[in-house]
Amino acid sequence: MRRLPALYIGILLALVSTTAAAQNPALRPVSRWGAPELGINLSLGLGRGEFKSFVKAAGGIGGYFALPLDHGGVFAIRGDFSVLYHNYDTWVLYPVVTTKSYVSTLRFGPQLAIGSGPIRLYGFVAGGFSYFSTDLALDEGCSCGVTTTLNDDFTWATEVGGGVRIAIRTSGATGGGLSLDLGARTLHNGQATYVTSAGITQNSDGSFTVRPIRSDANLLVFQVGFSGQLR
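The rules we used
- Residues numbered from 1 in each chain as written.
- Predicted model: local features only at pLDDT ≥ 70, side-chain atom pairs only at ≥ 80, totals over all residues.
- Heavy atoms only, no water.
- Helix = DSSP H or I, 4+ residues; strand = E, 2+ residues; numbered from the N terminus.
- Buried < 20%, exposed > 50% of the residue type's maximum accessible area, 1.4 Å probe, protein only.
- Contact = heavy atoms within 4.5 Å.
- Areas by Shrake-Rupley, 256 points an atom, 1.4 Å probe, with all protein chains shown as cover.
- Core = buried A, V, L, I, M, F, W, Y, C linked by side-chain atoms within 4.5 Å.
- Polar contact = N/O pair within 3.5 Å; in protein donor to acceptor, adjacent residues only side chain to side chain.
- Salt bridge = Lys/Arg side-chain N within 4 Å of Asp/Glu carboxyl O.
- Phe/Tyr/Trp six-rings, centres within 6.5 Å; stacked < 30°, edge-to-face > 60°.
- Lys NZ or Arg CZ within 6 Å of the ring centre and 35° of its normal.
- Pairing = 2+ DSSP bridges.
- Patch = residues over 30% accessible without salt bridge, like charges linked within 9 Å, V, L, I, M, F, W, Y side chains within 5 Å.

Student: Can you explain the overall build of the protein chain? Please cite residues and give values.
Tutor: Counting secondary structure elements, the protein chain contains 1 helix and 12 strands. Taken from the N to the C terminus, the helices and strands of the protein chain come in the order α-β-β-β-β-β-β-β-β-β-β-β-β. Buried positions account for 42% of the 231 residues belonging to the protein chain. Within the protein chain, counting contacts between residues at least 6 apart in sequence, those at least 24 apart form 63% of the total. When the accessible surface of the protein chain is summed, it comes to about 13000 Å², and 66% of that surface belongs to carbon and sulfur atoms.

Structure follows, in structure tokens:
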């Protein structure tokens, strides 16, 4: 029975210390991980080298997800996805036929962010693959819902890129929250088989003749978008 008062005192001291730690930021455990980042952007790709002779520019959308490896988000593992269209034609038939050529790319790699406050610089290297495709689709008015791939090709892809994030609404010393994201990257696809607008001919019977091109298919991509932290 004499041990009961000592037990009560121990429990009371434990409760007091736990409450104090919860109210004092200096005593709280520091999380090892920063907040994950999510971004979307509009992208403009310019053909480089041999590819520039056949495709001057390609436009589309992209997005990324970055998982930080430290509390400040300096180091992160980044995954990017983008779709860039370089050909979109409409053929006056019944039903109406459209053809489109595009490059879809999926990449993963390390990211390094520098700076604090509302402005942060970042850079990354990544590797993955690109998918070159030319599709033919019938007008939805015919209720056909038919899409045919006329030509496609997979290539390994590597890239080096970077940019700057300018905070629009901050939520911390590291410039978290919502940011304007401006960046550029060089995308190396190597040799790829693809189709341009000049490589599709409509025949008298309504069929199409496709003449693919094989060459280097590298791009310089500029992007503008928004990024934010998921908390």
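What follows picks up the thread again.
Student: So what about the nonpolar core? Which residues, and what values?
Tutor: Grouped together as the largest cluster of nonpolar side chains are 14 residues, with contacts concentrated most on Phe51, Leu84, Phe132, Tyr194, Ala217 and Leu219. Elements supplying a minimum of two residues to this core: strand 8 (191–194) and strand 12 (218–229). If we ignore the near neighbours within four places in the chain, the residues touching Ala217 are Phe51, Phe132, Asn189, Gly190, Ala192 and Tyr194. Residues Val97, Leu136, Ile200 and Phe208 belong to the second largest nonpolar core, which totals 5 residues.

Student: Summarise the environment of Ile213; cite the residues concerned and give the values.
Tutor: Mapping Ile213 onto the fold places it in strand 11 (residues 213–216). Along the chain, Ile213 and Tyr194 lie 19 residues apart, while their C-alpha atoms are 5.5 Å from each other. Dropping the residues within four chain positions of it, Ile213 is found in contact with Phe54, Ala192, Thr193, Tyr194 and Thr196.

Student: Please set out the side chain of Ser215 residue by residue, giving values where relevant.
Tutor: Tracing the backbone shows Ser215 in strand 11. Polar contacts involving the side chain of Ser215 include one to the side chain of Tyr194, which spans 2.6 Å.

Student: Describe the pattern of salt bridges, naming the residues involved and giving the relevant values.
Tutor: Summed over the entire model, instances satisfying the criterion amount to 7 salt bridges. Measuring nitrogen to oxygen at the nearest pair gives 3.0 Å for the salt bridge that ties Glu159 to Arg107. Of this pair, Glu159 sits in strand 6 (residues 147–169) while Arg107 is found in strand 4 (residues 97–114), placing the two residues 52 residues apart along the sequence. The same class applies to Glu159 and to Arg107, which are both buried. Bridged by salt links that share partners, the residues Arg78, Asp80, Arg107, Glu159 and Arg185 form one connected network.

Student: So, the packing of aromatic side chains: which residues are in play, and what are the values?
Tutor: Across all of its chains, the model carries 7 aromatic pairs by this definition. With a centroid separation of 6.5 Å and 65° between ring planes, the pair formed by Phe54 and Tyr194 is classed as edge-to-face. Of the two residues, Phe54 is situated in the loop between strand 1 (37–48) and strand 2 (57–68) and Tyr194 in strand 8; the sequence distance between them amounts to 140 residues. On the accessibility criterion, Phe54 (39% relative accessible area) is partly exposed. The interplanar angle of 55° and the centroid separation of 5.8 Å between the aromatic rings of Phe129 and Phe154 together place this pair among those described as tilted. Remark: Phe154 occurs in strand 6 and Phe129 occurs in strand 5 (residues 119–138); sequence separation between them is 25 residues. Classification of Phe154 by relative accessible area gives exposed; the value is 55%. Among the aromatic residues, those joined into a cluster by ring pairs are Phe51, Phe54, Phe132 and Tyr194. The ring of Phe124 is capped by Arg78, whose NZ or CZ atom sits 4.2 Å from the centre of that ring.

Student: Break down the pairing of strand 4 for me, with residues and values.
Tutor: Sheet analysis places strand 4 next to strand 5, joined by 16 bridges and oriented antiparallel. In the strand pairing of strand 5, Ser104 is matched with Tyr131. What sits between strand 4 and strand 5 in their antiparallel hairpin is a turn of 4 residues, with Gly115 showing a positive phi close to 105°.

Student: Run through a nonpolar patch on the surface, naming residues and quoting values.
Tutor: On the surface, Leu38, Phe65, Leu67, Leu69, Phe75, Ile77, Leu112, Ile114, Leu121 and Leu230 cluster together into a nonpolar patch covering about 880 Å² of accessible area. Tracing the backbone through its elements, the reader meets Ile77 in strand 3 (residues 75–91).

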